[in-house]
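Here is how the chains run, residue by residue.
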Amino acid sequence: LKAGEIRTAITSPIGMPPLRELAKGKKEVVILFDDLTRSTRVYEIVPFILEELAGAGVTDERIRFIAAVANHQAMERISLAKKLGEDIVARFAVYNHCPFLNCTYVGTSSFGTKAYINSEVMHCDLKIGIGQIVPHPLYGLGGGGKIVIPGVASYDTVVAHHGQTHTAWMAERRKLGLPSMGVIDDSPINADAQEIARMVGLDMLINCIVNLW
């Protein structure tokens, strides 16, 4: 997409008020982003989010970025700069999620998953996620609630989320010779992720649909 097309997408979101309107009166903002295992060009998207936040009167010191690395390796500074841009890393507080520390219980899903989520995320009253939609063997499609779980969930929550119900569903589909890639309607793990993202209160989700480039 060209810069103008990205701006239009950010300023005219689907199913929610414009971010500039939603951000008015908010005290603390967190922007979640995926790691280098995903090709999302977060650095091309973030400037337009920041424009909208500034227009709502949100100052830099009230914004932080958290890499939703789930149980993946933490990102070092070079990787963070590749993902966000050097100017963002230099200008804002940028953190890695740690699944072993500082997670807050937010409730138990209807699938029985006890959701413990990054406490810094839960401290913020405006939560924005940036990710991508790609085929995924377990979730059907990546994106959506995955930016929250496993993205910023505790280790024990991720283990429970990836637990027996979901692995049994996968095993049954394999037994029947049915695909799981691209299937979301019947996926219990996908439904669990969406439910927990709603529990956490994800306010805005920006998902890129990946093409050849």
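Residues numbered from 1 in each chain as written. Predicted model: local features only at pLDDT ≥ 70, side-chain atom pairs only at ≥ 80, totals over all residues. Heavy atoms only, no water.

Engineer: I keep staring at the packing of aromatic side chains and nothing clicks. Help me out?
Structural biologist: Two aromatic rings, taken as a pair, are described by how far apart their centres are and by the angle between their planes. Using the criterion set out here, one finds three aromatic pairs in the structure. Measuring from centroid to centroid gives 5.4 Å for Phe65 and Phe92, while their planes differ by 65 degrees, and the two rings are edge-to-face. Here Phe65, found in strand 2 (residues 63–67), pairs with Phe92, found in the loop between helix 5 (86–91) and strand 3 (93–96); they are 27 residues apart in sequence, far enough to count as distant. When its relative accessible area of 0% is taken as the criterion, Phe65 is described as buried. For Phe92, a relative accessible area of 7% puts it in the buried group. With a centroid separation of 5.1 Å and an interplanar angle of 45 degrees, the aromatic rings of Tyr105 and Tyr116 are classed as tilted. (Phe/Tyr/Trp six-rings, centres within 6.5 Å; stacked < 30°, edge-to-face > 60°. Helix = DSSP H or I, 4+ residues; strand = E, 2+ residues; numbered from the N terminus. Buried < 20%, exposed > 50% of the residue type's maximum accessible area, 1.4 Å probe, protein only.)

Engineer: How should the side chain of Lys83 be read in this particular structure?
Structural biologist: Within the secondary structure layout, Lys83 lies in helix 4 (residues 77–84). Within polar-contact distance, the side chain of Lys83 engages the side chain of Asp34 at 3.1 Å. Those residues in contact with Lys83, other than ones at most four positions away along the chain, are Phe33, Asp34, Asp35, Leu36, Arg38, Ser39, Thr40, Val42, Tyr43 and Met75. (Polar contact = N/O pair within 3.5 Å; in protein donor to acceptor, adjacent residues only side chain to side chain. Contact = heavy atoms within 4.5 Å.)

Engineer: I keep staring at the sheet that holds strand 6 (residues 126–133) and nothing clicks. Help me out?
Structural biologist: Each strand in a sheet pairs with another by means of backbone hydrogen bonds, the pair being arranged parallel or else antiparallel. Pairing in this open sheet of five strands is parallel, and the strands run 3-2-1-6-9 from one edge to the other. What marks the edges here is a single partner per strand, and that holds for strand 3 and strand 9 (204–209). Strand-to-strand twist across the sheet, computed as the mean angle between neighbouring axes with direction ignored, equals 20 degrees. Looking at chain direction, strand 1 (residues 29–33) and strand 6 are connected through five bridges and run parallel. Residue pairing for strand 6: Leu32 is matched across the bridge by Gly129. Against the sheet, helix 4 contacts strand 1, strand 2 and strand 3, and its axis sits at roughly 95 degrees relative to strand 1. (Pairing = 2+ DSSP bridges. Axes fitted to C-alpha atoms, helices over the stretch in contact; angles between N-to-C directions.)

Engineer: Would you explain the nonpolar core in this entry?
Structural biologist: In this structure, Ile49, Leu53, Phe65 and Ile128 are the most contacted members of the largest nonpolar core, which totals 34 residues. Going through the elements one at a time, helix 1 (3–11), strand 1, helix 3 (42–55), strand 2, helix 4, helix 5, strand 6 and strand 9 are the ones with two or more residues in this core. Among the elements that line this core, the one with the most residues is helix 3, at seven residues. Not counting the four nearest positions on each side in its chain, Ile49 is found in contact with Ile10, Leu19, Ile31, Ile128, Ile130 and Ile206. Counting 24 residues, the second-largest nonpolar core is a separate cluster that includes Val30, Leu32, Tyr139 and Ala193. (Core = buried A, V, L, I, M, F, W, Y, C linked by side-chain atoms within 4.5 Å.)

None of this, on its own, says anything about what the molecule does.
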